[in-house]
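# Analysis of the macromolecular model
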Amino acid sequence: METDAVLARINELRVLIEHHNQRYYQLDDPEITDAEYDRLMQELISLETDYPHFKTPQSPAERVGAPPVRTLMAVPHLSPMLSLANAFSEQEIIEFDNRLKRRQDMTASIDYLVEPKLDGVGVNLIYNRGALALGLTRGDGITGEDVTANLKTIAAIPAQLDMRFPYPAEMEIRGEVLIYKENFKALNRQRSEMAESPFANPRNAAAGSLRQLDPSVTALRPLDIFFYTMGENSGMTCPDQWTLLQTISLWGFKINPLARLVHGIDGCLDFYRELNELRPTLPYEIDGMVIKVSSLDLQKRIGSVSRAPRWAIACKFAALQEITEVEDIKVQVGRTGVLTPVAILKPVRLGGAMVSRASLHNEDEVSRKDIRIGDKVLVQRAGDVIPEIVKSLESLRNGRETLFSMPLYCPQCGSRVVRPAGEAARRCVRLSCPAQVKERIRHFASRDGLDIDGLGESLIGQLVDNKLIRDPGDLFFLTEGQLITLDRMGSKSARNIIDAVKAAKNPPFDKFIYALGIRHVGQRTAKILSTRFTRISELMDATSDDLLQLHDIGPEMAGSLVSFCEQADNRALMAKLEQGGVIPRKPKAPTREAAPLAAKSFVFTGSMNGFARTEAKRLVESLGGTVTEGLSRATTYLVAAENPGSKLQKARTLGTIILSENEFLKLTNS
Ligand code: IVH
């Protein structure tokens, strides 16, 4: 690049970064994702490294964060709150270790403390003779904002330290304020009920809550905290980071249970991979791992550069939130005729996968989130969850965005759609609508249904369009000769399809029931039904009373099932399937070894440390137990984790067995 062009780009980056610093630190409402911010900052740092004569002390690359807002009082930290340099790959992590060894002329492996990089808000607590005197946000790293009153509303922050363990007369303790995922969801749900705009993510929610001017508002927010280091401390000596963590933990500061001391960089890399796997199951959000040289003496010798210590590094994971553009909003017709708006996105990489569409669920959701065609939107993929649009970024609109409205006619068959009173969905009610037919067959053949290999969306589309099949029953009468008339279908693939259909003729009964796609009958209900009925004919003749006797089958489900079974074309479908040789097999009764928790039901309350709810649920179910929301006399165990809430009291009166998270772990052997 020409030097003029370099300087122009450097200036541009500085302006951009300043702007985004303000959005992030002062308004708690960023316009770009962390990943994009990191990219801008990396570019600036690398240009300033290559062209050092353009460096200035005012450059945002030399500073952390933004100056504090006027409304909260600015107070200097006793010692600066530094930031961390970033590594974005295993290679960069290895280079970090090499760099340190080269600098210190070392050959031996270095001991590192590794722990999750919590995606929250850094705070600095100043204790005077064991009493919390001041609590500050990071601010620009030198001066923070006084949020003492707000921090005092967080139960996990000790107001007075435990006298049994000696502590320095004056000290700074630093940690990350955050909101657990479950609590965040509840908070946003509550906000949407009050017609307040949702927070983009738990970190923004934590930052916004912490910087309230009225502490009584903060007190209502489910803030939590983990502590990770000390700043200034009058004369305390501690050999290493690990001992430091154990010490502050004795004083009553919650430290992250995943923190670990490792020997050499290989240990760091192992933990990095492990943590990346664990990430979706953790109850709070993390955006990477932090590596710190453990020995405090070695830390001192290695030293710091202006904004960050040289002895530590933040190793970032792939971003789970990105900003992209809504190119179009299309309408899909599902197997029950429901019309679903789907955002067609400019493809973005999210958590390691390309994302190019996201369901918008229904028209109310589109208008509630005010999503327009052409909008820049924040999209996220949390763990293995399907991508979703968090919100549209109004500040980035240019006036050319267009509003979306639902079609009045089915985009597939052209018949008029209806919106039943009280329902959020519009539906195409024509059963023979080709979109519905295709979707019903796709569902029937899908992995959770009859699991017919090779029978995907496009093949089903061709089969229906060419009038070779009209319902799932027709699949079992297909011939090789018919298949090879289709586009791009050789005789070998045709034979494979026929074989796959044949192989699916004896599905487990519950999968068969689920595959029928009866309204309100999901996998769980299908399982329950499959334990009570043995044959298709038995199920088809069941009365509402028979069904209501089953545990967990309510009137709505029973009604839906009975009306399905009564319909002549459904009965004809069953006959056709039987004729085609489909005979579901009875599930084997689970053995005691395979289902140690059979007949046991669980309710969870409070936030678990090592587990996401969904994961705990999966675990219980894999061992044959059930998980319910509400507590009743039928509940065997209440698993009461941190901040359990009112269910604990109820369990005591009901005499339910109450387990701690640890006891739950033991019970499930995990
Ligand atoms: S140590 C000098 N440990 O990340 C080291 N920071 O990008 C100071 N953070 O300002 C920080 N988790 O707010 C440390 N386990 C962890 C952390 C962590 C999150 C935040 C912290 C810091 C920022 C740096």
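Quick caveat: nothing in here was measured; it's all calculated off a predicted structure.

In this section: helix α13 (residues 457–465). Within an α-helix, residues lying three or four positions from one another point in the same direction, as the helix has 3.6 residues per turn. Those residues of α13 not exposed but buried are Leu-459, Ile-460, Gly-461, Leu-463 and Val-464. The secondary structure elements touched by the buried residues of α13 are α12 (434–445), α14 (480–483) and α15 (491–503). Trailing α13 by a residue or two, Lys-467 shows a phi angle of about 60 degrees, which is positive.

So, on to the packing of α12 against α13. Following both chains from N to C, one finds α12 and α13 inclined at 130 degrees, their axes separated by 10 Å at the closest point. Classified by the angle between their axes, α12 and α13 sit oblique to one another. Regarding α12 and α13, the two cross each other, and that crossing is right-handed. Seen from α12, the contacting residues are Val-437, Lys-438, Ile-441 and Arg-442; seen from α13, they are Glu-457, Ile-460, Gly-461, Val-464 and Asp-465. Grouping the constituent residues of the contact of α12 with α13 by class yields four nonpolar, one polar and four charged.

Taken together, 14 residues lie near the ligand, and Leu-118, Arg-138, Glu-176, Tyr-228 and Lys-292 sit nearest. Contacts to the ligand include Glu-115, whose side-chain N or O atom sits 3.3 Å from a nitrogen atom. Within the side chain of Lys-117, a nitrogen or oxygen atom sits 3.0 Å from an oxygen atom of the ligand. Look at the ligand: alone it shows 520 Å² of surface, and the protein chains cover 89% of it.

Let's shift gears to the pairing of strand β8 (residues 223–233). The buried fraction of β8 is high, at 10 of 11 residues. Where strand β7 (residues 170–179) meets β8, eight bridges bridge the pair, whose relative direction is antiparallel. Across the sheet, Leu-178 pairs through a bridge with Asp-224, a residue of β8.

Locating Ile-94 in the fold gives a position in helix α3 (residues 90–104). Between the alpha carbons of Ile-94 and Leu-269 there is a distance of 8.5 Å; along the sequence they are 175 residues apart. For Ile-94, the contacting residues outside a window of four places in its chain are Ile-265 and Leu-269.

Attention shifts here to the pairing of strand β13 (residues 339–350). Burial analysis of β13 places nine of its 12 residues in the buried class, which makes it a mostly covered element. Bridge count for strand β12 (residues 321–333) against β13 is seven bridges, and the pairing is antiparallel. Within the sheet, the bridge partner assigned to Ile-329 lies in β13 and is Ala-343. Inspection of the sheet shows β13 paired to strand β14 (residues 353–359) by six bridges, in the antiparallel sense. Across the sheet, Arg-349 pairs through a bridge with Met-354, a residue of β14. Joining the antiparallel neighbours β13 and β14 is a turn of two residues, in which Gly-351 adopts a positive phi near 50 degrees.

This paragraph deals with the sheet that holds β13. Think of a sheet as strands paired side by side through backbone hydrogen bonds, with each pair either parallel or antiparallel. Pairing is antiparallel in the open sheet, where five strands are placed in the order β14-β13-β12-β15-β16. Looking at strand neighbours, the two that pair on one side only are β14 and β16 (388–392), the edges of this open sheet. The average undirected angle you get between the axes of adjacent strands in this sheet is 45 degrees.

Not every positive phi belongs to a glycine, and Arg-129 is a case in point at roughly 45 degrees. Locating Arg-129 in the fold gives a position in the loop between β4 (121–128) and β5 (131–137). Of note in the backbone geometry, Lys-467 takes a positive phi value of approximately 60 degrees without being a glycine. Its place among the elements puts Lys-467 in the loop between α13 and α14. The exposed category is assigned to Lys-467, whose relative accessible area is 72%.

Here we come to helix α5 (residues 181–193). Taking 1.5 Å of rise per residue, 13 residues should cover 18 Å, and α5 covers 18 Å from first to last C-alpha, within 8% of that figure. Considered for burial, the residues of α5 that qualify are Phe-184, Leu-187, Asn-188 and Arg-191. Along the axis of α5, the buried positions cluster into a sector of 95 degrees, meaning they face one direction only. With respect to the buried face of α5, the exposed residues turned more than 90 degrees away are Lys-185 and Glu-193. Trailing α5 by a residue or two, Ala-195 shows a phi angle of about 60 degrees, which is positive.

It is worth spelling out empty space enclosed by the protein at this point. Tallied over the entire structure, the rule returns two cavities of 30 Å³ or more. Forming the boundary of the largest cavity are His-20, Tyr-24, Pro-30, Glu-31, Ile-32, Thr-33, Asp-34 and Tyr-37. Contributing elements (two or more residues each) for the lining of the largest cavity: α1 (3–26) and α2 (34–50). In terms of residue class, the lining of the largest cavity is made up of four nonpolar, two polar and two charged. Taken together, Ser-359, Leu-360, His-361, Glu-365, Lys-369, Glu-388 and Ile-389 form the lining of the second largest cavity.

All told, the structure shown has 40 salt bridges when counted by the stated rule. Among the ionic pairs, Glu-363 bridges to Arg-419, the shortest N-O distance being 3.4 Å. On the criterion of sequence distance, the pair formed by Glu-363 in helix α11 (residues 363–368) and Arg-419 in the loop between β17 (417–418) and β18 (427–428) is long-range, its members being 56 residues apart. A relative accessible area of 15% means that Glu-363 is categorised as buried. The salt bridge partner of Arg-442 is Glu-439, with a shortest N-O separation of 2.8 Å. Highlighted residues: Arg-442 and Glu-439, both in helix α12, separated by three residues, approximately one helical turn. On the accessibility criterion, Arg-442 (30% relative accessible area) is partly exposed. The structure contains a network of salt bridges with shared partners spanning Arg-23, Asp-29, Glu-31 and Lys-391.

Rules of the game
- Residues numbered from 1 in each chain as written.
- Predicted model: local features only at pLDDT ≥ 70, side-chain atom pairs only at ≥ 80, totals over all residues.
- Heavy atoms only, no water.
- Buried < 20%, exposed > 50% of the residue type's maximum accessible area, 1.4 Å probe, protein only.
- Helix = DSSP H or I, 4+ residues; strand = E, 2+ residues; numbered from the N terminus.
- Contact = heavy atoms within 4.5 Å.
- Axes fitted to C-alpha atoms, helices over the stretch in contact; angles between N-to-C directions.
- Parallel < 35°, antiparallel > 145°, perpendicular 65-115°, else oblique.
- Left-handed = near helix turned anticlockwise from the far one by under 90°.
- Nonpolar A, V, L, I, M, F, W, Y, C, P; charged D, E, K, R; others polar.
- Near = heavy atom within 4 Å.
- Polar contact = N/O pair within 3.5 Å; in protein donor to acceptor, adjacent residues only side chain to side chain.
- Areas by Shrake-Rupley, 256 points an atom, 1.4 Å probe, with all protein chains shown as cover.
- Pairing = 2+ DSSP bridges.
- Expected span 1.5 Å × (residues − 1).
- Arc of directions from axis to C-beta.
- 1 Å grid on protein atoms, 1.4 Å probe; cavity = no way out; pocket = protein on both sides within 12 Å on 5 of 7 lines; lining within 4 Å.
- Points joined across faces, edges and corners; volume = space filled by probe spheres on them.
- Salt bridge = Lys/Arg side-chain N within 4 Å of Asp/Glu carboxyl O.

Distances and angles like these do not, on their own, reveal function.
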